[in-house]
Amino acid sequence: MSKHQFAICIDNRGYEVSLEIRKLYEVLADVDAEKHGQIRVIDESGEDYLYPATAFTCISLPENVVERVISAHA
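Below: a short report on this structure. (Residues numbered from 1 in each chain as written. Predicted model: local features only at pLDDT ≥ 70, side-chain atom pairs only at ≥ 80, totals over all residues. Heavy atoms only, no water.)

**Side note on the packing of aromatic side chains**
The geometry of an aromatic ring pair comes down to the distance between the two centres and the angle between the two planes. In total, this model carries 3 aromatic pairs according to the counting rule given. Measuring from centroid to centroid gives 5.8 Å for Tyr-25 and Phe-56, while their planes differ by 85°, and the two rings are edge-to-face. Separated by 31 residues along the polypeptide, Tyr-25 in strand 2 (residues 24–28) and Phe-56 in strand 5 (residues 56–59) bring together distant segments of the chain. On the numbers, 6.3 Å between centres and 55° between planes, the contact of Tyr-51 with Phe-56 is tilted. In terms of burial, Tyr-51 and Phe-56 fall into one category: buried. Among the aromatic residues, those joined into a cluster by ring pairs are Tyr-15, Tyr-25, Tyr-51 and Phe-56. (Phe/Tyr/Trp six-rings, centres within 6.5 Å; stacked < 30°, edge-to-face > 60°. Helix = DSSP H or I, 4+ residues; strand = E, 2+ residues; numbered from the N terminus. Buried < 20%, exposed > 50% of the residue type's maximum accessible area, 1.4 Å probe, protein only.)

This is the structure in structure tokens:
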């Protein structure tokens, strides 16, 4: 099982500069953020930030796809 998690942005209202609708984002685990209804993702700046969890839908990708996505950003 991959240690990488991903989500698709489904609502960027208020974050139009940082997030793109229908774009795949890598999710970083953050238990405290989850408790507050937030999700930590690596955004357009290349840095990780907190956003409302409702702005994303988490998805599962096949391991070979995860490897290709990660290597594409390396």
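**Structural notes on the side chain of Glu-26**
Along the chain, the position of Glu-26 falls in strand 2. Of the buried charged residues, Glu-26 lacks a salt bridge, with Lys-3 as the closest side chain of opposite charge at 8.0 Å. At 2.6 Å, the side chain of Glu-26 forms a polar contact with the side chain of His-4. If we ignore the near neighbours within four places in the chain, the residues touching Glu-26 are His-4, Gln-5, Phe-6, Arg-40, Val-41, Ile-42 and Ile-70. (Lys, Arg positive; Asp, Glu negative; His and termini not counted. Salt bridge = Lys/Arg side-chain N within 4 Å of Asp/Glu carboxyl O. Polar contact = N/O pair within 3.5 Å; in protein donor to acceptor, adjacent residues only side chain to side chain. Contact = heavy atoms within 4.5 Å.)

**Overview of the pairing of strand 3 (residues 38–42)**
The two faces of strand 3 differ: Ile-39 and Val-41 on one face are buried, but Gln-38, Arg-40 and Ile-42 on the other face are not. In terms of strand pairing, strand 2 meets strand 3 through 2 bridges, oriented antiparallel. Counted as the bridge partner of Leu-28 is Arg-40 from strand 3. Pairing geometry for strand 3 and strand 4 (residues 48–52), over 5 bridges, is antiparallel. Paired with Arg-40 across the bridge in strand 4 is Leu-50. Where strand 3 folds back on strand 4, the antiparallel hairpin that results is connected by 5 residues, among which Gly-46 adopts a positive phi of roughly 90°. (Pairing = 2+ DSSP bridges.)

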